[in-house]
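Examination of the molecular architecture
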Amino acid sequence: MFWAAVSVALTLGGWLLVAFLVPRVVSERRESAATLAWVLAIVFMPFVGALLYWAFGVTRLRRKRVRRRRALQSLEPELAPLRDRLGALDPLKSPGTSPEDAGLMRAAASLTGAPATLGNRADLLLDGKATFAALAEAIEAARDHVHLEYYIFRPDGVGRSLLERLERKARAGVEVRLLVDGVGSWSLAEADLEPLRKAGGRTAAFAPVNPLLRRWSLNLRNHRKIVVVDGQVGFTGGVNV
């Protein structure tokens, strides 16, 4: 009788999971292949599928995205004059812009909300040595702020050298902000960041993997590698620290 009751309870629990999770998975905006995979996993392995979905499939930042979108909408009156000034630097109005370049600029503007502008220069940095040399030069020249965002930031020789450079700039009054990924930068300990914080810098981890937190995720990671110095010099690409 006991095992029969357990079997019935597991069966009912499995069907309840299916009834609850399948509509949720279908309603989420995913690729059709991913949706089908999650549905099949939940239907044929309700408990295992539900556990995997909870760990890897749930998007836990939707509400935060909605709040951020509303905040950006509230800034629209302040952004409108800036867009008007940028209009004078619009390369789409330049006779030297080819139709191919114009199409690429329009696509980028629709994705980012920021128009392309004239008067810029791009340098291609071919390896880590060239990248970190240029990065060090830009940081040393910073007068207002240095904002950094990395997927992998390790406290090795390069990482410690960069942290020490940022610490010196923070002590000099430059605003330093460092955002690292909670998984990609798992080896970066609090002790590694403490000197930068004491100097006035700000650090944070994106989506730390901690089941005790209300919103956490194993698969939702920040793979960006971006540095912005004084709003004038930017670095982006595939080089981590």
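Everything below is about the structure printed above this text.
The structure contained in this document is the topic of the report that follows. Everything numeric in this text was worked out from a predicted model, so none of it was measured. (Residues numbered from 1 in each chain as written. Predicted model: local features only at pLDDT ≥ 70, side-chain atom pairs only at ≥ 80, totals over all residues. Heavy atoms only, no water.)

Concerning a nonpolar patch on the surface
Filter applied, for reference: Candidates for patches are residues over 30% relative accessible area with no salt bridge; among them, like charges are joined within 9 Å and nonpolar side chains (Val, Leu, Ile, Met, Phe, Trp, Tyr) within 5 Å. In short, Shrake-Rupley with a 1.4 Å probe defines the accessible areas, and a residue's cover is counted only from the protein chains shown. Here, a salt bridge means any Lys or Arg side-chain nitrogen found within 4 Å of an Asp or Glu carboxyl oxygen. Helix and strand definitions here come from DSSP, where helices need a minimum of 4 consecutive H or I residues and strands a minimum of 2 consecutive E residues; each element is numbered from the N-terminal end. Buried means the residue's accessible area, taken with a 1.4 Å probe over protein chains only, is under 20% of the maximum for its type, while exposed means over 50%, and partly exposed covers the values in between.
A cluster of nonpolar residues, Leu-36, Leu-40, Val-43, Phe-44, Met-45, Val-48 and Leu-52, forms a patch on the protein surface that exposes about 650 Å² of accessible area. Broken down by secondary-structure element, the contributors of at least two residues to the nonpolar patch are helix H2 (32-44) and helix H3 (46-57). For the nonpolar patch, the element with the highest residue contribution is H2, accounting for 4 residues. Along the polypeptide, Met-45 turns up in the loop between H2 and H3. Residue class for Met-45 comes out partly exposed when judged on its relative accessible area of 41%.

Section: unusual backbone geometry
Unusually for a residue other than glycine, Ala-207 sits at a positive phi of about 45 degrees. Take Ala-207: it is sitting in the loop between strand S3 (202-206) and strand S4 (226-229). A residue is classified by how much of its surface remains accessible, and Ala-207, at 17% relative accessible area, is buried. Positive phi, normally seen in glycine, also occurs at Asp-230, with a value near 55 degrees. Tracing the backbone shows Asp-230 in the loop between S4 and strand S5 (233-236).

Some details on the packing of helix H7 (residues 128-140) against helix H8 (residues 157-171)
Our working definition: Whenever a helix is involved, its axis is fitted only over the stretch in contact; in every case the axis is a line through C-alpha atoms, and angles between N-to-C directions fall within 0 to 180 degrees. If an angle is under 35 degrees, it is roughly parallel; if it is over 145, roughly antiparallel; if it lies from 65 to 115, roughly perpendicular; otherwise it is oblique. In this analysis, two residues are considered to be in contact whenever any of their non-hydrogen atoms come within 4.5 Å of each other.
As a packed pair, H7 and H8 sit with axes 10 Å apart at the nearest point and diverge in direction by 10 degrees. The pairing of H7 with H8 is recorded here as roughly parallel in orientation. Of H8, the residues touching H7 (which contributes Phe-132, Leu-135, Ala-136, Ile-139 and Glu-140) are Val-158, Leu-162, Arg-165, Leu-166, Arg-168 and Lys-169.

Some thoughts on the side chain of Asn-240
Keep this limit in mind: Definition of a polar contact: a pair of N or O atoms within 3.5 Å, with one able to donate and the other able to accept a hydrogen when the atoms are protein atoms, and with sequence-neighbouring residues admitted only if both atoms are side-chain atoms.
Relative to the helices and strands, Asn-240 resides in the segment after S5. At a separation of 3.0 Å, a polar atom in the side chain of Asn-240 contacts the main-chain amide nitrogen of Ile-152. Contacts of Asn-240, omitting those with residues within four sequence positions, involve Phe-132, Tyr-150, Tyr-151, Ile-152 and Lys-225.

What about the pairing of strand S2 (residues 175-181)?
What counts is decided by this rule: Paired strands, as defined in this entry, are two strands with at least two bridges between them according to DSSP. If you view a crossover with the strands going away from you and the path from the first strand over the helix to the second runs clockwise, you call it right-handed.
Examined bridge by bridge, strand S1 (residues 145-150) and S2 share 6 bridges and lie parallel to one another. Residue pairing across strands places Glu-149 opposite Leu-179, the latter belonging to S2. Between the parallel pair S1 and S2, the chain is carried across by H8, and the sense of this crossover is right-handed. Bridging between S2 and S3 involves 5 bridges; their strand directions are parallel. Note that in S3 the partner of Leu-178 across the bridge is Thr-203. Read from S2 through helix H9 (residues 190-198) to S3, the crossover connection turns out right-handed.

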